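# Fold and geometry: a report
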Amino acid sequence: MSLLIDGLVNMVQSGGWLYLMVGVIAGVVIGSLPGLTGTMGMTLLLPFTYSLPANVGLSLLIGIFAGAIYGGSISAILLRTPGTPAAGATLIDGYPMAKRGEAGRALATATIASAMGGLIGALVLTFLSPVIAKIALRFGAPEYIWLAVYGLTMISFVSGKSLMKGYLAGLLGLMLATIGIDPISGSMRFTFGSINLLSGVSLQAVLIGLFAMAQALNSVEEYDQPQIKQLAITRIGISVKDFIKILPHVVKSAFIGTFVGAVPGTGTDIAAFLSYGEAKRSSKTPEEFGKGAIEGIAAPESGNNACVNGALIPMFTLGIPGEAGTAVLLGGLMVLGLTPGPLLFRDNPETIYAVFAATITSNLCILIFGLLCARMFAKVLSLPKNMIAAIIFVLALTGSFAMRNNVFDVITTVVAGIAGYFMAKADYPVAPVLLGIILGPTVEQNLSRALLISGGNYSILFTRPISILFIVIIAGTLFSNLRKQAKNRKSRSDMIAEAAAIEQEARDTGD
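Reference entry: report on the structure contained in this document. All values derive from a computational prediction rather than experimental measurement.

## Side note on the overall build of the protein
A count of helical and extended segments in the protein gives 20 helices and two strands. Across the 511 residues that make up the protein, the buried fraction comes to 55%. Sequence-distant contacts, at least 24 apart, represent 79% of the contacts inside the protein between residues at least 6 apart. Summing over all exposed atoms, the protein offers an accessible surface of approximately 22,000 Å²; the carbon and sulfur share of this is 68%.

## Examining the packing of aromatic side chains
Two descriptors summarise a pair of aromatic rings, namely the distance from one centre to the other and the angle between the planes of the rings. Enumeration according to the criterion identifies eight aromatic pairs in this entry. Ring geometry for F139 versus Y144: centroids 6.0 Å apart, planes at 70°, classification edge-to-face. Both residues of the pair, F139 and Y144, count as buried. Arranged with centres 6.0 Å apart and planes meeting at 80°, the rings of F139 and F470 form a pair that is edge-to-face. On the criterion of sequence distance, the pair formed by F139 in the loop between α6 (103–137) and α7 (141–152) and F470 in helix α20 (residues 465–510) is long-range, its members being 331 residues apart. Across this residue pair, the class does not change: F139 and F470 are buried. Here a set of aromatic residues connected by ring pairs shows up, and it is made of F139, Y144, F259 and F470.

## Examining the side chain of S114
Locating S114 in the fold gives a position in helix α6. Residue S114 is classed as buried on the basis of its relative accessible area of 0%. Setting aside its immediate chain neighbours within four residues, S114 contacts Y70, E301, N305 and N363.

## Section: the pattern of salt bridges
Under the criterion given, the structure shown has eight salt bridges. When the shortest N-O distance is used, the salt bridge between E102 and R100 registers 2.6 Å. R105 is the partner of D242 in a salt bridge, and the nearest nitrogen-oxygen pair spans 2.9 Å. One end of the pair, D242, is in helix α10 (residues 240–262); the other, R105, is in helix α6, with 137 residues separating them in the sequence.

## Description of the nonpolar core
Of all hydrophobic cores here, the largest spans 53 residues; its most connected members are L210 and F273. Elements that contribute at least two residues to this core include exactly α5 (91–99), α7, α9 (203–221), α11 (268–282), α12 (294–310), α18 (407–425), α19 (431–454) and α20. No other element matches the nine residues that α19 contributes to this core. Among all residues touching F273, those that are not within four sequence positions of it are G88, A89, I92, M154, A431, L434, L435 and I438. Grouped together as the second largest cluster of nonpolar side chains are 39 residues, A122, L330, Y353 and I360 included.

## A word on the packing of α10 against α12
Helices that pack against each other are described as a pair by the angle of their axes relative to one another and the distance between those axes. Axis separation between α10 and α12 bottoms out at 6 Å; the angle between their running directions is 35°. Seen from above, α10 lies across α12 with right-handed handedness. Contacts from D242, K245, I246, H249, V250, S253, A254, G257, T258, G261 and A262 of α10 reach α12 at I294, E295, A298, A299, S302, G303, A306, C307 and G310. Of the residues in the contact of α10 with α12, the class split is nine nonpolar, eight polar and three charged.

## Quick word on unusual backbone geometry
The phi dihedral of F190 falls on the positive side, at around 55°, and the residue is not glycine. Residue position: F190 is located in the loop between β2 (188–189) and α9. The phi dihedral of F192 is positive, around 55°, even though this residue is not glycine. Mapping F192 onto the fold places it in the loop between β2 and α9.

## Section: the side chain of N218
Positionally, N218 belongs in helix α9. The class of N218 is buried, set by a relative accessible area of 18%. Those residues within four positions of N218 in sequence are excluded, and the remaining contacts are Y421 and K425.

## A word on the packing of α5 against α12
Remark: α5 packs on α12, axes separated minimally by 8 Å, with the N-to-C direction vectors making an angle of 135°. One finds that α5 runs oblique with respect to α12. Our pair here, α5 against α12, has a crossing hand that is left-handed. Across from D93, G94 and M97 in α5, the residues of α12 making contact are I294, G296 and I297.

Analysis parameters
Residues numbered from 1 in each chain as written. Predicted model: local features only at pLDDT ≥ 70, side-chain atom pairs only at ≥ 80, totals over all residues. Heavy atoms only, no water. Helix = DSSP H or I, 4+ residues; strand = E, 2+ residues; numbered from the N terminus. Buried < 20%, exposed > 50% of the residue type's maximum accessible area, 1.4 Å probe, protein only. Contact = heavy atoms within 4.5 Å. Areas by Shrake-Rupley, 256 points an atom, 1.4 Å probe, with all protein chains shown as cover. Phe/Tyr/Trp six-rings, centres within 6.5 Å; stacked < 30°, edge-to-face > 60°. Salt bridge = Lys/Arg side-chain N within 4 Å of Asp/Glu carboxyl O. Core = buried A, V, L, I, M, F, W, Y, C linked by side-chain atoms within 4.5 Å. Axes fitted to C-alpha atoms, helices over the stretch in contact; angles between N-to-C directions. Left-handed = near helix turned anticlockwise from the far one by under 90°. Nonpolar A, V, L, I, M, F, W, Y, C, P; charged D, E, K, R; others polar. Parallel < 35°, antiparallel > 145°, perpendicular 65-115°, else oblique.

Structural data, given as structure tokens:
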């Protein structure tokens, strides 16, 4: 604790707090714009840290990273346009809440959950880094497979009314994930001779298309319908009842996100969907999810912001980046003359604990900045519908191009947008498509590695302790979901039968 206090004092005296605030604000702006990720922002500003002290430069980068993950929720809630893949789960309930005139409440929930989840993750990073790093090191190819399969079980929680349609959408995502070069054999698959498909389908281009472009097309169709009147935003915040309702989900999702981040090769998008699925599974009112449930905003925002700090654990303790953003941080760490690993804590404790203090402070900055600016953000919904549609079109097209300066990504966004539009018309959920694209490569690559290690023996998937634990969790999750669905079907059948009996009784009485 004394080292953490010294680190906080060091950060204040060196001016690192000012760079941290600048980084958070820049990250929020970057994250709220589709196509501009925190990783991109960190890469662009990395050269500016070379002349700064190590703890100050790292504070700037951490501020951008944390702010961008939170910023993705703003456009997701207001425009159904996730700024980052991590916000893909937030819009499932955030946008419906904003549509019914509760944009201020939705933004406040996202801000508070992001700050709390990130704060919990930062405390875990500060005090339990070595322990969690040792657990994460035990993850091999079989464990990654089951972690990804567990993620795929979340399809049943984001499928809406029809499980079958959800599974078909997830299958489409898995099929899209196979496009490109086989990671093991190096053979080309489903590229149709196009060099643009050698690296596969761009996740962000598909994400922007399925949600943003599809929403813009839908807005064009409904341009002549009356504007939904937004409630006047007199106060930004949530009630005590709301806070008590989301608190268990925030805490639980924070630990899920921290652990997912500590496992190298995962990411904030996986943490967000896992947190959302677990929140719906454990909720007493799962039928409210997808219609504007406050827990559906709090859980993924807590999970993805905690994942930011969880991803720092293997980077600092082992020199292994846990996520794309931490790969940039790792480069910055080495450029600044610091060698990641166990000796870093012994040789440079003042720098490391100043950075830990920055991770804690960054979440306080998110809380303050998010709540102060939420009313301004929410004014977007007061714009005319045709203007909102135009804004979404521009953000979607420029965002998809800005990722790789590639026109093919724009084409991918347009095609995905048209597909998303017709999927919505046919009542097919689009979130499972994202899950398939995100988790499909993890399953495929690690299955190939596991079979290479075992010489083709599939028993390697079922004999390791962590794999067995995941299998039990997956089985329990599926059983719980099937049980709830059976109860819901029985409840609906009883209601229909009761209504029919009342109607028949009324007819008999009339006769």
